[in-house]
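Structural overview
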Amino acid sequence: MTQTKDTLIQPKEQFSLTAHVKNLEEYQRLYRKSLDQPEAFWGEMAQQLTWFHKPDTILDVDADQVDFSWFGGGKLNVAFNCVDRHAKTRPGKPAIIWAKNEPGEYQVITYRDLQHHVGRVANVLKAHGVRKGDRVCIYLPMVPELAYTMLACARIGAVHSVVFAGFSSEALRERILDSGAKVLVTANEGPRGPKFVATKAIADEAVEGLTQVESILVVRRTSKEVPMRMDRDYWLDVEMSKHRGTCPAEWMDAEDPLFILYTSGSTGKPKGVLHTTGGYLVYAATTFRYIFDIQPDDVHFCAADLGWVTGHSYILYGPLATGTTTVMFESTPTYPDAGRLWQVVDDLKATILYTAPTALRALIKEGDGWVKKSSRKSLRLLGSVGEPINPEVWRWYHDVPGEGRCPIVDTWWQTETGGILIAPLPGATPTKPGSATLPFFGVEPVLVDDEGRVIEGNGVTGNLCLARSWPGQARTLYGHHQRFVETYYSRFPRLYFTGDGCRRDEDGYYWITGRVDDVLNVSGHRLGTAEVESALVAHESVAEAAVVGFPHDLKGTGVCAFVTMKPDYQDASPEQMVGALKEQVRHVIGPIATPDRVVLVNGLPKTRSGKILRRMLRKIASGETENLGDATTLADPAVLDELLAKGTPTQ
Ligand code: 6R9
C-alpha cells in the first residue's frame with residue numbers, strides 16, 4: 001500500500017504546546033545529536049536517575065564478542081529509583097492503582113505504601129535464602145504482589161523471571177529449570193474475566209520432583225484453599241507480617257542483571273532474554289517520558305500483563321522510574337462487557353491508554369456503542385503495541401475512542417530491545433495510520449537484503465536490523481551467549497537482526513510488515529512454530545507436524561497445524577483427534593498457543609532432502625493457492641492434492 005503525503009496526520013496543536021519535544025525540527029535535531037554524540041546524549045539522559053556512584057564511561061562495545069556495556073562503573077538500585085526517591089518527595093501520590101477483576105473495584109497504592117510493601121517482600125526473600133544474583137521465578141496473576149516482588153528482587157539484587165500466568169506447568173517448569181530459580185512466587189488462584197486460573201496447582205505440577213525450588217511463596221488472592229506442602233510452601237501475607245518494611249537497597253553495578261524474560265524464537269526452546277540494570281532503566285524511563293510525553297499528573301493505563309515485556313517496561317519500570325501513576329489491570333478488555341477499558345479510563349481518569357491491536361479488533365467487532373457510552377474526557381494519548389496495527393484499526397482508535405483529539409503512538413519494539421525503538425513523538429511527529437513512523441533517539445535502523453547488503457534510500461523494503469547498540473538492549477540469553485550471538489548477530493554480521501521485515505517509505509517512515517522468521521505473532525504474543533510442533537509430536541498419535549501462520553481477523557495471525565498420524569491412529573475419528581491435538585498444545589504450552597486449525601493429512605510437502613516446504617503450507621493455509629511455487633521440487637508431488645483439498649480455508 002502506498003501512502004501519500006496527504007495521509008499525514010499532524011500533531012495536535014494543543015499537545016505540542018506542552019510536549020517535551022514540540023516539533024519535527026526539534027526531534028530531528030535531538031535525533032542527530034543522539035547519533036553524532038551518543039555519549040553526551042545518553043550521559044545526559046542517565047542523569048534523570050539517582051546513582052550511588054556516577055558512571056565512569058557511557059558505552060563500551062566489544063563487537064567481536066557481541067558484548068555491550070552501558071554506564072560502566074555506575075552504581076544504582078532500580079527499586080530505589082522507582083520507589084524510594086518518590087516516597088520521599090511525594091509519599092501520598094498513587095504509584096499503582098490496581099483495577100481488580102470485578103468492575104468498580106480498585107485499590108490505590110501510594111509511593112509510601114509501595115516502599116513499605118517492597119521492603120517487606122525483600123526481607124521475606126532474604127529470609128528464604130535469596131541473595132544477590134539468585135534467580136526468583138514469579139508465576140502470578142495481575143496482583144500488586146507481582147509488582148512488589150519484582151521490585152523486591154531489584155532491591156536485593158536478585159534476578160526476577162516472570163512467567164505469564166497463562167503458561168502451562170510444562171512451560172513453567174522449563175523456565176524454572178533454565179533460570180535455576182530457587183524460590184517460586186505464585187498465588188492460590190487468579191481471577192481473570194469469568195475464569196479462575198489455578199496458579200498454585202499448576203505451580204505444584206511444574207516443580208514436581210525438583211529439589212532446586214526450596215520455597216514457594218503463595219499470594220492469597222481469593223479464599224480458595226489449596227494444598228500447602230510443609231517446609232516448602234508459605235503464605236506470602238504471613239511471611240510479610242514477620243518482617244519490617246525497611247530493607248537496604250543493594251548497590252548494583254550498571255551491568256548487573258535485572259531480569260530474565262522468556263520469549264519464543266525460531267527453535268523449540270524458549271529464550272531467556274537477559275536485561276541489565278543501568279541501561280535498561282535509563283532506556284525504559286527515557287522512552288516512556290518522551291513517547292508518552294509524560295506530565296506530572298498522568299495516570300498511565302497500560303492494559304498488558306506484567307508477564308510480557310510491555311508490562312515490565314511500561315506498567316512497572318518506565319512509569320515508576322519517572323514517578324508516574326500506573327494502573328495494573330487484572331481483568332480483560334471484554335469482561336464483563338466490551339465497555340470495560342473505557343469504564344476503567346473514566347473511573348480512574350486515565351490520561352493514557354496503551355493496548356494491543358488484537359484487543360482493539362475485538363472491541364471494534366462489538367460496535368461503537370460501548371465506547372460512546374463512556375466519557376473518556378481524561379484521555380489525551382493512545383498507544384498501540386505488539387503487532388502491526390491495520391490502518392483501519394488505527395483510524396477507528398483515533399476517531400472513535402480518541403475522538404480525533406488524542407494522538408496515536410504506534411510503538412514498535414521487542415522483548416530483546418527492552419524499550420520502544422520506533423514510534424512517533426506525540427507533539428512532534430506527523431503520523432500515518434499503520435506506520436510506527438520514525439526511530440527513537442539513539443536508534444539506527446537499517447534495511448538489509450537477503451544477501452546482507454544494506455539497502456540505502458527511501459521507498460525500499462528489507463530485513464529490519466539495527467546498526468548500533470542502545471542502552472536498553474538485551475545483553476545475552478541467560479547462560480547461552482553463543483545462542484545470543486547466533487540468533488541476533490550472525491545472519492548479518494555486526495548488525496542486530498530483529499526478525500521483522502520492514503518497508504521505509506518515500507518519507508523515510510518505517511512500516512513493519514511482520515516476522516520474516518519462524519515466529520508467529522498471535523494476538524500480539526510471540527510463538528515459535530517449532531515450539532508448537534514439538535508440543536504436537538509429543539502426543540502419542542502424531543508422526544509429524546508442520547505449523548504455519550495464516551491471516552486471522554482478530555488475532556492478526558492464526559495458527560494452522562498440518563499433522564500426519566502414526567499408523568495405529570490412522571483410523572481414529574478425525575474430529576476426536578483434532579480436539580485431542582488442540583488440547584495437547586493447550587496443555588503443553590498454554591491456551592494462547594492453541595491451534596485454530598489442525599489439518600490431518602497423509603503426507604507433508606517435502607523436498608528430496610527431506611525439508612518441509614513451509615512456504616507452500618503457509619500459502620495453502622492462507623488460501624493463496626494460485627502461485628504455490630515449484631511443485632516439482634517435491635519428493636512426492638502427489639501429496640499436494642490432499643493438502644489443497646483439506647488445507648485451503650473454506651470460508
Ligand atoms: C513489545 C513486544 C516483538 C514482535 C516484533 C514485531 C511485533 C511489536 C509492533 C510489532 C508492528 C508494532 N511488534 N510491536 N509489529 N508494529 N508496533 O511486543 O515484544 O512480545 O517480544 O514481540 O512483535 O514482530 O518483532 P515481543
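It should be emphasised that the depicted structure is a prediction, and the values quoted were computed from it without experimental measurement.

Here we come to the pairing of strand 21 (residues 445-448). Of the two faces of strand 21, the one carrying Pro445 and Leu447 and the one carrying Val446 and Val448 are both buried. Sheet analysis places strand 21 next to strand 23 (residues 460-466), joined by four bridges and oriented antiparallel. Note on strand 23: the bridge partner recorded for Val446 is Cys465. As paired elements, strand 21 and strand 22 (residues 454-455) share two bridges and run antiparallel to each other. Bridge assignment links Val448 to a residue of strand 22, and that residue is Val454. The hairpin formed by strand 21 and strand 22 contains five residues between the paired strands, and Gly452 there has a positive phi angle of roughly 90 degrees.

Along the chain, Arg597 falls in strand 31 (residues 597-600). Of the side chains with opposite charge, Asp596 comes closest to the buried, unpaired Arg597, at an N-O distance of 8.6 Å. A distance of 2.8 Å separates the side chain of Arg597 from the backbone oxygen of Gly647, its partner in a polar contact. Ignoring anything within four residues of it in the chain, the contact list for Arg597 reads Phe550, Val559, Cys560, Ala561, Ala621, Lys646, Gly647, Thr648 and Pro649.

The sheet built from eight strands is open, its strands ordered 12-11-8-6-7-14-15-24 with mixed pairing. Unpaired on one side and paired on the other, strand 12 (233-235) and strand 24 (476-477) mark the two borders of the sheet. Across four bridges, the pairing between strand 6 (residues 135-139) and strand 8 (residues 183-187) is parallel. In the strand pairing of strand 8, Cys137 is matched with Leu184. Sitting on the sheet, helix 8 (residues 199-207) touches strand 6, strand 8, strand 11 (215-219) and strand 12, and the angle it makes with strand 8 is about 155 degrees.

For the rest of this paragraph, the subject is the site of the ligand. Taken together, 17 residues lie near the ligand, and Asp410, Thr411, Thr415, Asp500 and Arg526 sit nearest. Between the ligand and the protein, one listed contact pairs a nitrogen atom with a backbone N or O atom of Gly386 at 3.1 Å. Asn521 places a side-chain nitrogen or oxygen 3.2 Å from an oxygen atom of the ligand. Counting only elements with at least two residues in the shell around the ligand, the list comes to helix 11 (309-321), strand 20 (408-411) and strand 26 (510-515).

Below, the discussion takes up unusual backbone geometry. Among all residues except glycine, the phi angle is most often negative; among peptide bonds, the trans geometry is most common. Tyr335 connects to Pro336 through a cis peptide bond whose omega is -5 degrees. Structurally, the position occupied by Pro336 is in the loop between strand 17 (325-329) and helix 12 (340-348). In this structure, Lys349 is a non-glycine residue whose phi angle is positive, near 55 degrees. Here Lys349 is to be found in the loop between helix 12 and strand 18 (352-355).

Calculation rules
- Residues numbered from 1 in each chain as written.
- Predicted model: local features only at pLDDT ≥ 70, side-chain atom pairs only at ≥ 80, totals over all residues.
- Heavy atoms only, no water.
- Buried < 20%, exposed > 50% of the residue type's maximum accessible area, 1.4 Å probe, protein only.
- Helix = DSSP H or I, 4+ residues; strand = E, 2+ residues; numbered from the N terminus.
- Pairing = 2+ DSSP bridges.
- Lys, Arg positive; Asp, Glu negative; His and termini not counted.
- Salt bridge = Lys/Arg side-chain N within 4 Å of Asp/Glu carboxyl O.
- Polar contact = N/O pair within 3.5 Å; in protein donor to acceptor, adjacent residues only side chain to side chain.
- Contact = heavy atoms within 4.5 Å.
- Axes fitted to C-alpha atoms, helices over the stretch in contact; angles between N-to-C directions.
- Near = heavy atom within 4 Å.

Remember that the coordinates give geometry; whether it matters functionally is a separate question.
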